[in-house]
There are 2 protein chains.
Amino acid sequence: MKNITLIGSGNVATHLGLALKKNGFNIKQVYSKVLKNAEKLSLILEAEAINKLEKLTDSDLTILSVSDNAIETILKNIKDRPIVHTSGYTGINIFNKKFNNCGVIYPLQTLNKEVSLEFSETPLCIEANNPIFEKKITKLAYSISKHIIALDSEKRKSIHIAAVFASNFTNHMLSIAYDLLKEKNIDFSILLPLVNQSIKKIKNNNPKDVQTGPAKRKDINIINHHVHDIKNTRIKKIYKTITDSIIKASE
Amino acid sequence: MKNITLIGSGNVATHLGLALKKNGFNIKQVYSKVLKNAEKLSLILEAEAINKLEKLTDSDLTILSVSDNAIETILKNIKDRPIVHTSGYTGINIFNKKFNNCGVIYPLQTLNKEVSLEFSETPLCIEANNPIFEKKITKLAYSISKHIIALDSEKRKSIHIAAVFASNFTNHMLSIAYDLLKEKNIDFSILLPLVNQSIKKIKNNNPKDVQTGPAKRKDINIINHHVHDIKNTRIKKIYKTITDSIIKASE
């Protein structure tokens, strides 16, 4: 596998494309329904930009990195070719019998176009419809990452939900902390040692065993004060819901 | 300030005591209403263990590290002596006029007795009722930490709430992720590169600007599937509440 087609130009397509390019693969074409987006990514990857699926030329592997809603439509509109999607949620069964060699390469990572990262540290979860194709995409995966995991669609789905909690939701908690401090003109960086230690300690512990704070202590007095002090109703609701959950989970 | 009295034997008292001891201070006495707890900490700190406030002897500084609910009762039962509490939430006004030199040293950190940490990285938020005492406790604080911040009770309160989101609540999100994976016999460590990157990227960005995931994309289809797949009603409620909040915050 040497020549790659990218369908999609979002966060995942961008990081996968960059990692492949960096490791000697040739990105032939980048498709996006918005030509401008295809062109933007093509420029970096030295690929051809297209916005019509009819213009797809042959390649060794097509990587379909589009929103889950768009996968099915695109599959309907392309012919059989070696192909993987990159979704955590969508199963391998989305590929109908038309595709002889199909699978999944799901990067278990939070990817933003604008934020660089060491891609080789990103676990890639692999699934394929046949052992030969699995071997091929596993080889490709190993050339861009150190962590390759063979995983069926059912387990990948569970990991995807867990990842929402571990990444998207933690990020939202930090976003709320940022906003609460900004209201009082306090720089968010004051919290960084706390955030660092919070993450450091879960590397060797079940997070539940190192939970701290008013909810863990069932300190109803402080909890009530906090609820009173938070003026934003959206944030107040989150405070209450998570506090309740920590209390229940400790019981 | 050389001789220190510790009132309390919990997570904060333990880490403060250890940091002070390590940096040449003499911990004279450790008080806990449960003698066994006082003894446990005293043993490490080479201090006298007491469980009666009448047994307190003079010292240069008393550090009151007990739950917020217990602060007032203890203050009522001891005489004037140089004293600080370590609470993020309780104001300096909890000290009545009886105390000529009083203040706050609030470690902005998640502290567990069982989890070691580099204490010198912990920001210490300082407040005092007079400039001379403030200078004295600031000097003491600098001998155990690199990050000292003078902060009034009002701002400290805001930081305390933000810290609940940034640490206690992120930890709970990770705890849920842990449980979801455990159900499927998947090791939590698979998420660590994701967690690392999630934290790394907020060091240089407003967390809101690097939010990813189905809620951020308003991918209602995936969100509905996730809600359906999560069987535990407590976790389902958290999923919905935070997802709603991410969507609203993006608007």
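For the structure itself, consult the block above.
Cut-offs used in this document
Residues numbered from 1 in each chain as written. Chains lettered and ligands numbered in written order. Predicted model: local features only at pLDDT ≥ 70, side-chain atom pairs only at ≥ 80, totals over all residues. Heavy atoms only, no water. Contact = heavy atoms within 4.5 Å. Buried area = accessible area lost by both parts, 1.4 Å probe. Salt bridge = Lys/Arg side-chain N within 4 Å of Asp/Glu carboxyl O. Polar contact = N/O pair within 3.5 Å; in protein donor to acceptor, adjacent residues only side chain to side chain. Helix = DSSP H or I, 4+ residues; strand = E, 2+ residues; numbered from the N terminus. Nonpolar A, V, L, I, M, F, W, Y, C, P; charged D, E, K, R; others polar. Least-squares fit on C-alpha atoms with pLDDT ≥ 70 in both. Buried < 20%, exposed > 50% of the residue type's maximum accessible area, 1.4 Å probe, protein only.

### Description of the interface of chain B and chain A
Item 1. Every contact between the two is made by 86 residues of chain B and, on the other side, 86 residues of chain A.
Item 2. With both sides pooled, the region where chain B packs onto chain A buries about 8200 Å², and carbon together with sulfur makes up 69% of that total.
Item 3. Summed over the three residues of chain B that lose the most area to chain A, namely F165(B), F169(B) and L194(B), the buried surface amounts to 8% of that side.
Item 4. Applying the counting rule to chain B against chain A returns zero salt bridges.
Item 5. For the pair chain B and chain A, the number of links is 32 residue pairs in polar contact (both at pLDDT 80 or more).
Item 6. If one sorts the elements of the side of chain B that touches chain A by residue count, helix α5 (residues 153–183) of chain B sits on top with 25 residues.
Item 7. When grouped by side-chain class, the residues that make up the side of chain B that touches chain A number 43 nonpolar, 28 polar and 15 charged.

### Notes on the relation of the copies chain B and chain A
Item 1. Once turned by 180 degrees and shifted 0.0 Å along the axis, chain B lies on chain A with an RMSD of 0.0 Å. When the rotation and shift are considered jointly, the pair of chain copies conforms to a two-fold rotation axis. The C-alpha atom lying nearest the rotation axis in chain B is that of T170(B); the distance is 2.4 Å.
Item 2. By residue overlap, the copies meet face to face through one surface: 100% of the interface positions of chain B are interface positions in chain A.

### Thoughts on the environment of I199(A)
Item 1. Within the fold, I199(A) resides in helix α6 (residues 192–201).
Item 2. The exposure class assigned to I199(A) is buried, which follows from its relative accessible area of 6%.
Item 3. Apart from the residues within four sequence positions on either side, I199(A) is in contact with L174(B), V195(B), N196(B) and I199(B).

### Let's talk about the pattern of salt bridges
Item 1. Within this structure, the stated rule accounts for eight salt bridges over all chains.
Item 2. When the shortest N-O distance is used, the salt bridge between E127(A) and R156(A) registers 2.7 Å. Of this pair, E127(A) sits in strand β7 (residues 124–128) while R156(A) sits in helix α5 (residues 153–183), and the two are 29 residues apart along the sequence.
Item 3. Its relative accessible area of 12% is what places E127(A) among the buried residues.
Item 4. In this structure R156(A) comes out as buried when scored by relative accessible area, which is 0%.
Item 5. Note that D219(B) is salt-bridged to R217(B), the shortest N-O span being 3.8 Å.
Item 6. By relative accessible area, R217(B) is classed as partly exposed at 45%.

### What about α6(A)?
Item 1. Burial analysis of α6(A) places eight of its 10 residues in the buried class, which makes it a mostly covered element.
Item 2. On the buried face of α6(A), the contacting elements are α5 of chain A together with α5 and α6 (192–202) of chain B.

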